[in-house]
Amino acid sequence: MKKAIAFFTILIIISIPQISAAEQVPYIGYTYDKWNVAIPSTVGYLPDAVYYGDLNLEVRFRSPEDMYVSEDGRIFVLDTGNNRVVVLNSDFTLNKVIETFKMSDGTDYTLFSPKGIFVCGDLMYIADYDNMNVIVSDFEGNISLKLSKPDNPTFPQTSEFRPLKVLADSQGRIYTLVLGVYQGAAVFTSEGEFVDFFGSNTVKPTVKVLMDQFWKRIMNREQKDQLANYVPVQFTNFDITQKDFVYSCTAADISGISEICRINPTGKNLWTGDSMGDLEVGWYKNKGYYTAFTDVAVTADDFLFSLDSTKGRIFLYDPEGNLVFIFGGKGNQKGTFSMPSAIEIIGDKVLVLDTSKNSITTFSPTEYGEMVNEALRLYIEGNYPESQEIWETVLKQDGNMYTAYIGIGKALYYSGKYKEAIYYFREGSDRINESRAFEEYRSSIIRAYFPYVMSVVSVLFLAGTAWFTVGKIRKRRKDNKIHA
Amino acid sequence: MRKSDIKELGYILIHPYDGFESLSYHKTGSPILSGIIIMCFFFFTLFERHALSFRFNFYSVENTNIFLVFISTFVMVCMAVIANWALSTLWDGKANLKTIWIVFGYALAPYVAGMLAQTVLSHVLTIDEGTFISIMMTGCAIWSGFILWFGMLQVQEFSIGKNIACILGTLIGMLLILFLSFLVILLFQELFAFIKSIINELILRIFV
């Protein structure tokens, strides 16, 4: 009996610290392998804190739909349900609330379920959805510009002008996403004149589209009108970098593929990553749960956070388009969301706005996440030797990190250790670099053994020739003897 | 299979027209050798998936299904042989099943050799030089096609037009066989399910 009590006491003592030490994360860290199959991975970002809309506010948040972090670190939350803008300091203390705006002629202006906000310099751009305006104002609420539906014939006049999202580039041009306008983002000059459309998706040639294309050739006009008209899927959101590169995201279209584009100022897509979001689609009751990106946020060094509203996950991509981390999820715990709508970055912290929970969740990288980010930064700069050390510690914690293998492989490749580099490139599943390393390795082998092989071959050749000649001479002598 | 059969195969690879003429006239040719080549087709397909170098290997070894590979190689060839034989008996072809088997097997020889060479070459070539491999494989496929074409022409003694029709007909015949075998499998599944339910019912009635 005593023994049993002692045993159980020890058991309890052993088990208690383990329970408290285990980090409680409401989501599972995972990544995708070379066959696009999900494999476990170490969690890169952990939830820090959740701020509900009671930050010394008289009225709490009501379904806020967008937020933006200005360059000085202030958070502008667009409180859609209360038709106001709440400005928070970067430490989540209340800075100010902007409820009424003033037009330049002195009349008051109130927002009516605005959907998008953008801040640049000392100007605030708001896509005022139900007022069918885009307004530009300063932080005191003095409106300097009001955009409504352009009467330009190139702008589709059939539907109402309902702006969803807005942003402005360094030249002050204003880009807006308008509901039902699939030609791309409508671009206005800083004076408010409509210029053009910018960047549009294309229709993906799926089997259904091609079949309809075929039928349209046969049908008459009336039948054709009955068929669905395929137009590109609209962007759901976008973000702009300091170099005026626009990152746009698109929720899944009929082909079920969510997309992210990096559009340069001339309107060309330069994104290099191939498949985005969750690569394995979950099916439940005949409904596929495809990734649907609702927002993107880009860091100063081109790392891309994209927010998936279907499963509430955040995908972090490096500037080359490789997947780094996946975190977040749907649920009711700290770090999960019910209807995530906007994502922003302050320093190395990630902020996610939840429309349904009226909350802002902050994430910050774990020790492991910080290590990976640092190594990636060095790696993108081309500083392979320095990144190699960090990658090696990263691999000790997560053997499924493909970029780590490639990073070490590149460091070894540039220091001339081709054979080892081949091993790491294979582990990282990088065919192109493996082939390059192999080419160098092969030529080093040829260089090392060519003299020996060649001398053996030439000795054999000489011996063969000699043997042949001797044989011939002997034969001739024999013949001569016979003739003689 | 005698030594002369291998010699004859070598001759046929380079002179398919003359080679198959003498083969069908003298009734030579070894069905065993042909079977070995077709089995090699299966084995090398499997081998390739494992042994191609990393740069050229796009197969997932973990997900390789040997049974599927077997069906897509060995069973496919068998189906082609049967379809061709069935068609040739309808269209007064001169060849019997054994000869058609030999023709198909011999015709595969360049392609099978190409596959082995591809596996070896993939270990010494880089991705940029991989074009050579694809050119070689295309060459081997064309070579195999030529041998099959002349073989059919010679052993069946068809005209050219009829030979084209015969090859197209063989493809359709293969599809038919595939369809019918699916049907049979499905029907048997139904049958087995029926028998199983009867047995279950009996057990429940008698013993419970």
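Definitions and limits used
- Residues numbered from 1 in each chain as written.
- Chains lettered and ligands numbered in written order.
- Predicted model: local features only at pLDDT ≥ 70, side-chain atom pairs only at ≥ 80, totals over all residues.
- Helix = DSSP H or I, 4+ residues; strand = E, 2+ residues; numbered from the N terminus.
- Rg over C-alpha atoms; globule rule 2.2 N^0.38 Å.
- Buried ≥ 20, exposed ≤ 12 C-beta atoms within 10 Å, placed from the backbone.
- Contact = placed C-beta atoms within 7 Å.
- Pairing = 2+ DSSP bridges.
- Axes fitted to C-alpha atoms, helices over the stretch in contact; angles between N-to-C directions.
- Parallel < 35°, antiparallel > 145°, perpendicular 65-115°, else oblique.
- Left-handed = near helix turned anticlockwise from the far one by under 90°.
- Nonpolar A, V, L, I, M, F, W, Y, C, P; charged D, E, K, R; others polar.
- Domains from an automatic or database assignment.
- Expected span 1.5 Å × (residues − 1).
- Bend = angle between axes of the 7 residues up to and from the residue.

Focus: the overall build of chain A
For chain A, the helix and strand inventory stands at 8 helices and 29 strands. Taking 2.2 N^0.38 as the reference for a compact globule, 484 residues should give roughly 23 Å; the C-alpha atoms of chain A span a radius of gyration of 32 Å, well beyond that estimate. Based on the C-alpha atoms only, the size of chain A along its principal axes is roughly 135 × 90 × 45 Å. Here chain A, with 484 residues, has 36% of them falling under the buried criterion. In chain A, the share of contacts with a sequence separation of at least 24, taken over all contacts with a separation of at least 6, comes to 46%.

Some points on the sheet that holds strand β4 (residues 66–69) of chain A
All names here are of chain A. The 4 strands lie next to each other as β4-β5-β6-β7, forming an open sheet whose pairing is antiparallel. Two strands in the sheet have a free side with no partner beyond their single neighbour: β4 and β7 (94–98). If you compare each strand with its neighbour and ignore which way they point, the axes differ by 15° on average. As judged from the 4 bridges shared by β4 and strand β5 (residues 75–79), these two strands associate in the antiparallel manner.

Digging into the sheet that holds strand β25 (residues 313–317) of chain A
Residues and elements named next belong to chain A. With antiparallel pairing, 4 strands are arranged side by side in an open sheet as β23-β24-β25-β26. Looking at strand neighbours, the two that pair on one side only are β23 (293–298) and β26 (323–328), the edges of this open sheet. Taking the axes of each pair of neighbouring strands and ignoring which way they run, one obtains an average angle of 20° across the sheet.

Focus on the packing of helix α4 (residues 66–90) of chain B against helix α7 (residues 160–207) of chain B
Residues and elements named next belong to chain B. Where α4 contacts α7, the two axes come as close as 8 Å, and the packing angle between them is 120°. In terms of axis orientation, α4 runs oblique to α7. When the axes of α4 and α7 are compared, the crossing they make is right-handed. The residues of α7 that touch α4, namely those facing M79, A80, I82, A83, N84, A86, L87 and S88, are C166, G169, T170, G173, M174 and I177. Here the contact of α4 with α7 is composed, by residue class, of 9 nonpolar, 5 polar and no charged.

Observations concerning the domain arrangement of chain A
Residues and elements named next belong to chain A. Each assigned domain of chain A is listed here: domain 1 (25–366) and domain 2 (367–484). Taking only C-alpha atoms into account, the centre of domain 1 sits 48 Å from that of domain 2. Elements supplying a minimum of two residues to the side of domain 1 that touches domain 2: β2 (38–40) and β26. Here the residues of the side of domain 1 that touches domain 2 sort into 7 nonpolar, 6 polar and 4 charged.

With respect to α4(B)
All names here are of chain B. Taking 1.5 Å per residue as the helical rise, α4 with its 25 residues ought to reach 36 Å, and the 35 Å between its terminal C-alpha atoms agrees with that figure. At V75, α4 is bent by approximately 35°, the largest bend along its length. Buried residues of α4: T73, V77, V81, A83, N84, W85, L87 and S88, and no others. Buried residues in α4 make contact with α3 (31–51), α5 (97–121), α6 (130–156) and α7. Within two residues after α4, D92 carries a phi angle of roughly 60°, on the positive side.

What about unusual backbone geometry?
With phi around 40°, S113(A) is a residue other than glycine that occupies positive phi space. Position of S113(A) relative to the elements: it lies in the loop between β9 (108–109) and β10 (116–120).

Focus: the pairing of β7(A)
All names here are of chain A. The pairing of strand β6 (residues 84–88) with β7 spans 4 bridges and is classified as antiparallel. Looking across to β7, one finds that V85 is bridged to I98. Joining the antiparallel neighbours β6 and β7 is a turn of 5 residues, in which F92 adopts a positive phi near 65°.

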